[in-house]
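Take a look at the letters that make up each chain.
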Amino acid sequence: MVTTVLIGLSLRGPIVGIPPLIDRIGADLELTGTTAGLITSLPLVCFAVGSPLVALLARRLGLDRTLLVALVVLGLAVALRPWGGLPLLLAGTVLVGMAITVGNVLLPVLVRRDAGGRTKGVMAASTSSYGLGAALAAAVAVPMAGSLGWRGATASLGVLVALALVMWLVRMRRGATGPGGAGSGRGRAAGAGASGAGPAATAGSAAAAGSAAAARAERSVWTMPSAWWLALFFGLQAALFYSVSAWLPPMLVDEAGVSEATAGTGVSLFHLLGILGTLAVPAMLSWSGDARRVGLIIAAGWVVLLLGVVLLPGTWLLWVVVGGVAQGAGIGLGLTLVAVRPVDVDHGRALSAMVQGAGYGLAAVGPVLIGWLASSTDGWALPVTVLVAAAVALGLAGLFAGNERPIGVPRG
């Protein structure tokens, strides 16, 4: 579990650590507002484009090696991207986004494969590390930039990646020599070969059968309504999260009349409370006995946040607390369902790629749409109405996404 938590800590900091420094970066590199916005939005586009490709890469290299390559690329990209001009910064950010995409897709599969009966608890811990890594990066970015400059501050975000890489290498080495590692796998292949074909033929047949099963899983999940409901739930949750993360500060300034500094503190609290929401998911599932009820509670939390800030702005802090817990629980429930609902690891890898690819594709529209509506109408009534509608749709999608039927089981 320690290794998965360390990987989770590395999957948000390289993204969230950039926005607090974007003014310094923009001034140094003479960026336009559009280009500065592109730097912060590129990773989300990578999530949408790259997620469907991760399953193909993992099928070719294996889950462990794919994660290893992703961590190496992520560490190098984070460390090197600040030390050139705009082209290197953009190219490095694309590599950061693609490497994090691999972690996003494969971490639930890794937990499903290795955690056994502790899947929900381990998934909650690893997912909460996303929020902790984000909060840590956002908190230290400006102070570190004061002493190291923005280049040194952003490059230092690679320290956690390096630590996760070292732990992953240790884990891979132990796995290769342990009871479930490659050595025992070769032994099983040889034993099977003694009853008929030789070891190489048996291993080749097993590999071919596994590859064929994975390919069938990748094709089939795209045709399953249950997978699409889960993708819709995941996408709406992500769209709400990224939209509110981007636009809550100006909304608080305009509606609640707080200062920009206070609004920034409110958003930091929103992110930090997500950790509590994520960790609460196993308890919520145990208490309610049904993921569908938890989905409805999460949707209601989003509605309370959005309507509260507009209708009762004087108590905005209460609404931010409710929304922060709801957003953490939403991502926690989404990834937990991705981990537990597939019928096997092949379907899990394919489902995670499909859900996150389609989901982040939907999520990428959210912040842009809300920003356009706010500027077009010069107010927050219409943007909030759209977000509330998305929260209601999230609850509806959760009624189907939270079904207990395993994804990958043929109907019959």
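These numbers were taken from a predicted model, which means no experiment stands behind them. (Residues numbered from 1 in each chain as written. Predicted model: local features only at pLDDT ≥ 70, side-chain atom pairs only at ≥ 80, totals over all residues. Heavy atoms only, no water.)

What to know about the pattern of salt bridges
1) Next: In this structure the tally under the stated criterion is 2 salt bridges.
2) Next: In this structure, D290 and R292 form a salt bridge, with 2.9 Å as the shortest nitrogen-oxygen distance.
3) Next: Judged by its relative accessible area of 32%, R292 falls in the partly exposed class. (Salt bridge = Lys/Arg side-chain N within 4 Å of Asp/Glu carboxyl O. Buried < 20%, exposed > 50% of the residue type's maximum accessible area, 1.4 Å probe, protein only.)

A short note on the environment of G308
1) Next: Tracing the sequence through the fold places G308 in helix α13 (residues 291-311).
2) Next: Placed 10 residues apart in sequence, G308 and L318 show a C-alpha to C-alpha distance of 8.6 Å.
3) Next: Leave out the neighbours within four places in its chain, and G308 touches V303, P313 and W319. (Helix = DSSP H or I, 4+ residues; strand = E, 2+ residues; numbered from the N terminus. Contact = heavy atoms within 4.5 Å.)

A closer look at the packing of aromatic side chains
1) Next: Considering all chains together, one arrives at 8 aromatic pairs under this definition.
2) Next: On the basis of an interplanar angle of 15 degrees and a centroid distance of 6.2 Å, the ring pair of F241 and F270 is categorised as stacked. Here F241, found in helix α11 (residues 225-256), pairs with F270, found in helix α12 (residues 260-288); they are 29 residues apart in sequence, far enough to count as distant.
3) Next: For F241, a relative accessible area of 19% corresponds to the buried category.
4) Next: Ring pairs connect the aromatic residues F241, Y242, F270 and W302, which therefore count as one cluster.
5) Next: Across from the ring centre of Y130, 4.6 Å away, lies the NZ or CZ of R12, which sits over that ring. (Phe/Tyr/Trp six-rings, centres within 6.5 Å; stacked < 30°, edge-to-face > 60°. Lys NZ or Arg CZ within 6 Å of the ring centre and 35° of its normal.)

Some details on the packing of α11 against helix α16 (residues 365-377)
1) Next: At a minimum axis separation of 7 Å, α11 and α16 run at an interaxial angle of 40 degrees. Overall, the two elements α11 and α16 adopt an arrangement that is oblique. Pair α11 / α16 crosses with right-handed handedness. Facing α11, whose interface residues are Y242, S243 and W247, α16 presents G366, P367, I370 and G371.
2) Next: Among the residues making up the contact of α11 with α16, the classes are represented as 4 nonpolar, 3 polar and no charged. (Axes fitted to C-alpha atoms, helices over the stretch in contact; angles between N-to-C directions. Parallel < 35°, antiparallel > 145°, perpendicular 65-115°, else oblique. Left-handed = near helix turned anticlockwise from the far one by under 90°. Nonpolar A, V, L, I, M, F, W, Y, C, P; charged D, E, K, R; others polar.)

Description of the side chain of T101
1) Next: Checked against the element boundaries, T101 lands in helix α6 (residues 86-115).
2) Next: Every residue in contact with T101, bar those within four places of it in the chain, is listed here: C46, F47, G50, S51 and V54.

A short note on helix α3 (residues 22-29)
1) Next: What α3 keeps buried is the set I22, I25, G26 and L29. Summarising the axial view, the buried residues of α3 lie within an arc of 100 degrees, below the 170-degree limit, and thus occupy one face. Away from the buried face of α3 by more than 90 degrees, exposed residues D23 and A27 are located. (Arc of directions from axis to C-beta.)

Digging into the environment of L106
1) Next: Relative to the assigned elements, L106 resides in helix α6.
2) Next: C-alpha separation for the pair L106 and A55, spaced 51 residues apart in sequence, amounts to 8.4 Å.
3) Next: Not counting residues within four places of it along the chain, the set of residues in contact with L106 comprises V54, A58, L63, T66, L67 and R349.

Looking at the side chain of D290
1) Next: One can find D290 in the loop between α12 and α13.
2) Next: Not counting residues within four places of it along the chain, the set of residues in contact with D290 comprises L285 and G402.

Focus: a nonpolar patch on the surface
1) Next: There is a patch of nonpolar side chains on the surface, built from L53, L56, V94 and M98 and spanning about 300 Å² of accessible area.
2) Next: Mapped onto the nonpolar patch, the elements with two or more residues apiece are α4 (33-61) and α6. (Patch = residues over 30% accessible without salt bridge, like charges linked within 9 Å, V, L, I, M, F, W, Y side chains within 5 Å. Areas by Shrake-Rupley, 256 points an atom, 1.4 Å probe, with all protein chains shown as cover.)

Details of helix α5 (residues 63-80)
Given 3.6 residues to a turn, an α-helix orients residues that are three or four positions apart in the same direction.
1) Next: With 18 residues, α5 should reach 26 Å at 1.5 Å per residue; the first-to-last C-alpha distance of 26 Å fits that figure.
2) Next: Among the residues of α5, L63, T66, L67, L68, A70, L71, L74, G75, A77 and V78 are the ones counted as buried. (Expected span 1.5 Å × (residues − 1).)

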